Amino acid sequence: LSNQLKQWYQRRVRGKKRKQEAKQAKQEAYRQEQEAVRLRKEEEERIKKEQEELRQKEAKEKAEAEKKERQKQNKLLKVERKKLRENVKGQNYFCAADSNNIVQAMENLELLLLGLSLDDMKSLNGLTADIPALTSKYNSLLDAQLKEQEDKKRENLVKAKQSQEEHKEQTQNSDKFTTPDIALLVKAVKIFPPGTVNRWNTIADYLNQHSTVTRNYDNQDVIKKVKKLQSGEDADLKSKVNAQAYENFEKSQKQRIDEVQAGGGISNRDTVNSALKSEPEAPKNKGPWTPEEQKLLEEALKKYPAAAGPERWDNIAAHVATRSKKMCMKRYKDLVEQIKAKKAKQ
């Protein structure tokens, strides 16, 4: 029994040892694999870096070669220009002795020198022994250069004219304000006076909310249109808007009078007075403030700060819609007192 126990223990020890060796062999294989991956990545990065350095070196050498070639060409051009200038000057710029066009001929020579290639200048300088041939070729090249310059001027004028027409058309089409929207703009400028936070953005939002034609106004559109109205550029349009606003008011009041008279039993004077009175406000909520009303109140307080003027609380009440001006003011006062009390406890 003792021998059997000893053998069993030895087998167990050998089994643990084999498992440990297998585990170490597996770990070593994994380490070698990771090392191979690391070495492969380093080799790829090294090759990539060498290729990039080689590419940059070749690009640099190419740029330097092109620069040297340009410098060489410029030097040759300078030499040939000097030769041609002296040759033409020796021929009195191909003008008669008593001609008064020497200055114009000199300007034409400089223009030609700027447009001629190196081969053309070499060709002209090679004809110094044959004056008639030099004169003929020089005049031919000069006429071609002057014609090319004239064509470029004409083309530039056409492009400039087209650009002006396109700009004019864009300017005309950019005014997207209709007559009703201008009336809304005038009203918004009064509702949101100077000092309102983000005044022009607020006015643009107001137009986008109430306009029935265009709903993509931004602050730049509003500023440009207000400047035009203030400068008098759209004076006729402004007077038209005012006239239309009065017509709409008169029409609405007449419609109210007709509706009241249709009820019967009311005198004309009472009818007019009752029709001219503002419509009764929608019933206000008198219960506890709901989360939606609280959110609308917070939005209105941000939109209409203290600098918004005397109509601030009217605008806030209109924004909340379900609460009166007095209710909004009381709610604001209660919130301020709660915040102060909370700070005092801290």
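Keep in mind it's a predicted model, so treat the numbers as computed, not measured.

## Quick notes on the overall build of the chain
Thought 1: When helices and strands are counted, the chain shows 12 helices and 0 strands.
Thought 2: Each helix (α) and strand (β) of the chain, taken in turn from the N terminus, gives the series α-α-α-α-α-α-α-α-α-α-α-α.
Thought 3: By the burial criterion, 21% of the 346 residues in the chain qualify as buried.
Thought 4: For the chain, contacts bridging at least 24 residues in sequence account for 53% of all contacts bridging at least 6.
Thought 5: When the accessible surface of the chain is split by element, carbon and sulfur atoms take 51% of a total near 26500 Å².

## Here's the deal with helix α10 (residues 291-303)
Thought 1: Look at α10: 18 Å from first C-alpha to last across 13 residues, which is about the 18 Å you get at 1.5 Å a residue.
Thought 2: For α10, the full list of buried residues reads E293, Q294, L297, A300 and L301. Taken down its axis, α10 places every buried residue within 125° of arc, on the same side. Facing away from the buried side of α10 by over 90 degrees, the exposed positions are P291, E292, K295 and K302.
Thought 3: In the core, the buried residues of α10 are packed alongside α11 (312-320) and α12 (325-345).

## Let's talk about the packing of aromatic side chains
Thought 1: In the structure shown here, the tally under the stated rule is 3 aromatic pairs.
Thought 2: An angle of 5° between the planes, with centres 5.7 Å apart, marks the rings of F192 and Y304 as stacked. With F192 in the loop between α5 (179-191) and α6 (199-210) and Y304 in the loop between α10 and α11, the pair connects residues that are 112 residues apart, well separated along the chain.
Thought 3: When its relative accessible area of 1% is taken as the criterion, F192 is described as buried.
Thought 4: Connected via pairs of aromatic rings, a cluster forms that spans F192, Y206 and Y304.
Thought 5: When the ring centre of W200 is taken as origin, the NZ or CZ atom of R199, which lies over that ring, is 4.7 Å away.
Thought 6: Sitting over the face of the ring of W313, R312 holds its NZ or CZ atom 5.1 Å from the ring centroid.

## Focus on the packing of helix α1 (residues 2-90) against helix α2 (residues 102-115)
When two helices pack together, their arrangement is given by the angle between their axes and by how far apart the axes lie.
Thought 1: The interhelical angle for the contact between α1 and α2, taken along N-to-C directions, is 155°, at an axis separation of 11 Å. Relative to α2, the element α1 is oriented roughly antiparallel. Of the two elements, α1 crosses α2, and the hand of that crossing is right-handed. For the pair α1 and α2, contact is made by R81, L84, R85 and V88 and by L109, E110 and L113, respectively.

## As for a nonpolar patch on the surface
Thought 1: A cluster of nonpolar residues, W8, Y9 and V13, forms a patch on the protein surface that exposes about 340 Å² of accessible area.
Thought 2: Counting through the fold element by element, W8 comes out in helix α1.
Thought 3: We classify W8 as partly exposed; its relative accessible area is 46%.

Rules used throughout
Residues numbered from 1 in each chain as written. Predicted model: local features only at pLDDT ≥ 70, side-chain atom pairs only at ≥ 80, totals over all residues. Heavy atoms only, no water. Helix = DSSP H or I, 4+ residues; strand = E, 2+ residues; numbered from the N terminus. Buried < 20%, exposed > 50% of the residue type's maximum accessible area, 1.4 Å probe, protein only. Contact = heavy atoms within 4.5 Å. Areas by Shrake-Rupley, 256 points an atom, 1.4 Å probe, with all protein chains shown as cover. Expected span 1.5 Å × (residues − 1). Arc of directions from axis to C-beta. Phe/Tyr/Trp six-rings, centres within 6.5 Å; stacked < 30°, edge-to-face > 60°. Lys NZ or Arg CZ within 6 Å of the ring centre and 35° of its normal. Axes fitted to C-alpha atoms, helices over the stretch in contact; angles between N-to-C directions. Parallel < 35°, antiparallel > 145°, perpendicular 65-115°, else oblique. Left-handed = near helix turned anticlockwise from the far one by under 90°. Patch = residues over 30% accessible without salt bridge, like charges linked within 9 Å, V, L, I, M, F, W, Y side chains within 5 Å. Salt bridge = Lys/Arg side-chain N within 4 Å of Asp/Glu carboxyl O.

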